[in-house]
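Reading the structure
Spelled out, the chains give:
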Amino acid sequence: MLEVVRLCKAFGSLVVTDNVSLKLEPGERRVILGPNGAGKTTLFNLLVGELKPSEGKIHLSGADLTPLSIEARARMGLARSYQKNNLFNGLTIRENLELAGARALGLSRHLLRDTHRDPRLRDLVEEVAEQVGLTSRLEETVEHSSYGNRRQLEVGLALAMRPKVLLMDEPTSGVGPGMIQAFHELLHSLSRDLTILIVEHDMDLAFDVADRITVLNYGKVVFEGTPEETRASELVQEIYLGGWDTDA
Amino acid sequence: MFQQTPLKLATLALIILGLLLYAILGGYFARELVIEVAVLAILAMSLDMVAGYGGMVSLCHGAIFGLGAYMYAIVNVLGEGSPISGTLAALAVSGLFGLLVGAITSRTHGIYFIMTTLAFGQMAYVLIFDASSLGGDDGMWGLGRGDLSGLGINLEDSLQFAILCLLCVPLSYAVLSGVLRSGFGRSLVGIRENEGRMRALGITIWKIKAIGFALSGTVAGLAGVLAAQHTMFVSPELMTWTVSGEVLVVVILGGLGTLIGPAVGAVLLIFLKHALSSFTDYWHIVIGVLLILVVMSGGRGVYGGLELFWERRRNSLNKQEV
Amino acid sequence: MSDLSFWLVQALHGLQYSMLLFLLSVGLTVIFGLLHFVNLAHGALYALGAYISFSLTNWTGSFWAGFFGAPLGVALVGISLYLGLIRQMRKAGPMNQVLVTFGLIFIFLDLCRILWGDIALGVEQPEIFSKTVEFLGVTYPSYRLFVIALGLAVMGGLHLVLSRTQIGAMIRAGVDNDQMAACLGINVEQLFFFVFCVGCALAGIAGAVAAPILSVSPEMGTSILIPTLIVVVIGGLGSLPGAILGSLLVGFIQTIGAVVAPQLASILVYALLAGVLILKPSGLLPARS
């Protein structure tokens, strides 16, 4: 589904992404783990289109994404969520989701039709709101919403795009323990029509949700395997400095 | 986001009916004022679409307005074309100019954006000013109004022309509000709120901005045509950057981002100017002080403040019911 | 006049206009670059300077009273503006600053009309510079040479202050990164205030100096504003070399252009402005790296 072929990114003489190759099968849940400075964020930005690679290619269902802009990749079915909330703060949660959904339904180009009244859009928004647990808060403005709710909306926006591939950047960053469980459940509940790649710090999430785990260190892929294999790997243990840190 | 509310529609109705009554009952001078208000209201609403809703503060709308007026004059006087063809040409040219400005400036923001629009507006002004065939500083005379005699309407009559201008106000409002409620219009607001996220959702930013500016420009051009037909004369004075500044002032006085607010601002400014100038030559000071006060007190404008008050009252009543 | 001497005169005209633009734009650019404040009223301050110098010159019979009094007067006005309005609006967005200073333009316009009337006024050139000078085969008014010399002197003086003095270093630091400068213990508020007043004083000098050449009228502020803004943006906000380059470019294009190809010249200046804004918004000689 999503294929990364020998991707490299150098800033001057500093090589941040070093020959990274990945292959995600349709419906797969892949988590990218790695210590700070391993190049996870850069890899993420390369996939999303914020950065252009020095070398290598990215393919989505065989189509070459590498030369495409951020918006073009989004139109090809690649959705992303941000590590730091990047929402439409002045608008309501419903309006936020409508913006994403309208694009997905091709309503953004219409010049005179009132999209707010479109039943398909309504349904889409309500469906996604249900998925991320925001149904009762649709009319709230983002400005007045709690951090946790905004984190949910972050994912909601990406889901409302009805993407083929969902790229998530540390989705539980800054989220309290109660809500982390909700995130685990949300990720489990997502349909296998969706292929998901998550860049994460949180080991628990990785082991719980992932089909396969890729571990980066110093910009290189140093390990790839199932959660069990990852847990058993001495190399990975060493990278994370002596044993697993699995707090809730 | 734009929402069609009863308050907005009521305000629109009040403005139109009030001005209509004034035109009918007042004399010739009253009609002159009404026409001025209508033209300024249309221009200000067009600016609000890109500035208030699109977040693109343009200082070239005066120039677009003037371009519309001049295009009408060129077709009608130099080309001896009909008023209809003059109007269509004006709308096309002002729309095209808007499209270009919107597209070219799509990557600039903040003060740089404002100044770039200023630059483009000045370019248009200088082009017109220096064109000797267009009369230069003296302008062009002899423009004609439309001929609706087939419908029994005589536009040479000031009352009937005033009514035409008044009708164009709700027409412009309908077009602009329709666009703002559409998927396209919402994308425009989305870009204002968070351009980066809109890109990540798959929107091509420059296209939305360009089309938004084009639509806004077309409505501004309509205002230009009416102004040209009103005085049956055009001069480069229509296009100076201070005109663009004044339109922005009207938008702020009425209420940025409310669509009907700028129309309120137009009514306020024209009547205030008229009232003040009847007993002093120095009404600029009053407008200047008023503007500063409005901005310093939060910048919501007259109608904007009213709308906020109305919303708060409605919300607190709703809470009481619950 | 021979061809060469004609062009020499035009070049001198261009240089003189550039110097005038420089005096105005250098104040504006440092205010922009340091305070991040869009002051559209800068042109109005220039007009005020011209009017004050007119009054002082008339009252005392000496041009120099106006020349030294105008910057003082305008600086005083600047102080009250800063304390009353500008300081508060510094953090407001560009649109609000544009609106507020636009309001100030209106107010100053009518204030000048109330105090000095609508008719254009004239100021006499000072005795010392009332003759023409002959050199290199041309005859040129010595007053205009004085303007050029003054501009160059201010250029040199400012360059020295910015590059060799403590306060100059603080200003450059503030333009580069005002928050960091504050962290280093630089009293940025005081600096802003000082720079704003100096900027106003420069506008006042520009007005006093322009008065004998251009006529003093209420519109002179708005008509010089656009070229000044263009210079500031083309050169680069907060950049002294930028203000120098910008004023030379705009001054020469407008003056020589008016003779050679008037329509083209005006459009060229705006096209240059638009080009810089779109391709290199930080200006041709940016202050920040």
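Here goes a summary of the coordinates provided. Small disclaimer: the values here were computed from a predicted structure and weren't measured.

1. A look at the overall build of chain A
The secondary structure content of chain A amounts to nine helices and 10 strands. Rg of the C-alpha trace for chain A: 18 Å, near the compact-globule value of 18 Å for 248 residues, within the 12% margin. Across its three principal directions, the C-alpha atoms of chain A cover 55 × 40 × 30 Å. Residue burial in chain A is summarised as follows: out of 248 residues, 55% are buried.

2. Observations concerning the overall build of chain B
The secondary structure content of chain B amounts to 13 helices and two strands. Taken against the 2.2 N^0.38 rule, which gives 20 Å for 322 residues, the C-alpha radius of gyration of chain B at 20 Å falls within 12% of a compact globule. Across its three principal axes, chain B shows a C-alpha extent of roughly 65 × 45 × 45 Å. Looking at the 322 residues of chain B, the share that counts as buried comes to 59%. For chain B, long-range pairs separated by at least 24 residues make up 79% of all intrachain contacts whose partners lie at least 6 apart in sequence. Accessible surface for chain B amounts to roughly 12,200 Å². Of this, 66% is attributable to carbon and sulfur atoms. Averaging the locations of the 17 positively and 18 negatively charged side chains of chain B gives two centres separated by 19 Å.

3. Topic: empty space enclosed by the protein
Residue and element names in this part refer to chain C. Evaluated as defined, the whole model comprises six cavities of 30 Å³ or more. Estimates place the volume of the largest cavity at around 70 Å³. Taken together, Ala-44, Ala-47, Ile-105, Phe-108, Leu-109, Cys-112, Pro-218, Gly-221 and Thr-222 make up the lining of the largest cavity. Those elements giving two or more residues to the lining of the largest cavity turn out to be helix H2 (42–60), helix H4 (94–116) and helix H9 (220–235). With four residues, H4 is the single largest residue contributor to the lining of the largest cavity.

4. Some thoughts on the pairing of strand E10 (residues 220–225) of chain A
Residues and elements named next belong to chain A. Relative to E10, strand E9 (residues 212–217) runs antiparallel, the two sharing five bridges. Bridge assignment links Ile-213 to a residue of E10, and that residue is Gly-225. Where E9 folds back onto E10 in an antiparallel hairpin, the turn is made up of two residues, including Tyr-218, whose phi is positive at roughly 50 degrees.

5. Quick look at the interface of chain B and chain C
If you look at the interface, chain B gives 39 residues, while chain C gives 39 residues. Counting the surface lost from both chain B and chain C, the interface buries some 3,500 Å², and carbon and sulfur atoms represent 84% of this. Run the count over chain B and chain C and you get one salt bridge. Among the salt bridges present, the one from Asp-281 of chain B reaches Arg-113 of chain C, with a minimum N-O distance of 3.4 Å. The interface formed by chain B and chain C includes five residue pairs in polar contact (both at pLDDT 80 or more).

6. Details of the pattern of salt bridges
Oppositely charged side chains can form a pair if their charged atoms are brought close together. As enumerated under the stated definition, the model contains 25 salt bridges over all chains in all. Within this structure, Glu-28, Arg-30, Arg-212 and Glu-224 of chain A form a network of salt bridges that share partners.

7. A look at the nonpolar core
Of all hydrophobic cores here, the largest spans 268 residues; its most connected members are Leu-97 and Leu-166 of chain A, Val-234 and Met-239 of chain B together with Val-209 of chain C. Residue contributions to this core peak at 17 residues, all from helix H2 (residues 28–53) of chain B.

8. Digging into the interface of chain B and chain A
Taken residue by residue, the interface counts 24 residues in chain B and 32 residues in chain A. For the pair chain B and chain A, the two sides together bury roughly 2,300 Å², of which 58% comes from carbon and sulfur. Run the count over chain B and chain A and you get four salt bridges. Of the charged contacts in the structure, one is a salt bridge between Glu-98 of chain A and Arg-186 of chain B, with a shortest N-O distance of 3.7 Å. Sorting the residues of the side of chain B that touches chain A by element identifies helix H6 (158–181), helix H7 (183–193), helix H8 (195–200) and helix H9 (205–231) of chain B as the ones contributing at least two each.

9. What about the packing of aromatic side chains?
Across all of its chains, the model carries 19 aromatic pairs over all chains by this definition. Measuring from ring centre to ring centre gives 5.3 Å for Phe-102 of chain C and Phe-106 of chain C, while their planes differ by 55 degrees; the resulting arrangement is tilted. One end of the pair, Phe-102 of chain C, and the other, Phe-106 of chain C, are both in helix H4, four residues apart, so they sit about a helical turn from each other. Given the relative accessible area of 4%, Phe-102 of chain C is considered buried. Through pairs of rings, three or more aromatic residues link up here, namely Phe-63, Trp-64, Phe-67, Phe-68, Tyr-143 and Phe-146 of chain C. Positioned over the ring face of Phe-11 of chain A is Lys-9 of chain A, at 5.3 Å from the centre of the ring. The ring centre of Phe-161 of chain B lies 4.0 Å from the NZ or CZ of Arg-145 of chain B, which sits over that ring.

The rules behind each value
- Residues numbered from 1 in each chain as written.
- Chains lettered and ligands numbered in written order.
- Predicted model: local features only at pLDDT ≥ 70, side-chain atom pairs only at ≥ 80, totals over all residues.
- Heavy atoms only, no water.
- Helix = DSSP H or I, 4+ residues; strand = E, 2+ residues; numbered from the N terminus.
- Rg over C-alpha atoms; globule rule 2.2 N^0.38 Å.
- Buried < 20%, exposed > 50% of the residue type's maximum accessible area, 1.4 Å probe, protein only.
- Contact = heavy atoms within 4.5 Å.
- Areas by Shrake-Rupley, 256 points an atom, 1.4 Å probe, with all protein chains shown as cover.
- Lys, Arg positive; Asp, Glu negative; His and termini not counted.
- Charge placed at Lys NZ, Arg CZ, Asp CG, Glu CD.
- 1 Å grid on protein atoms, 1.4 Å probe; cavity = no way out; pocket = protein on both sides within 12 Å on 5 of 7 lines; lining within 4 Å.
- Points joined across faces, edges and corners; volume = space filled by probe spheres on them.
- Pairing = 2+ DSSP bridges.
- Buried area = accessible area lost by both parts, 1.4 Å probe.
- Salt bridge = Lys/Arg side-chain N within 4 Å of Asp/Glu carboxyl O.
- Polar contact = N/O pair within 3.5 Å; in protein donor to acceptor, adjacent residues only side chain to side chain.
- Core = buried A, V, L, I, M, F, W, Y, C linked by side-chain atoms within 4.5 Å.
- Phe/Tyr/Trp six-rings, centres within 6.5 Å; stacked < 30°, edge-to-face > 60°.
- Lys NZ or Arg CZ within 6 Å of the ring centre and 35° of its normal.

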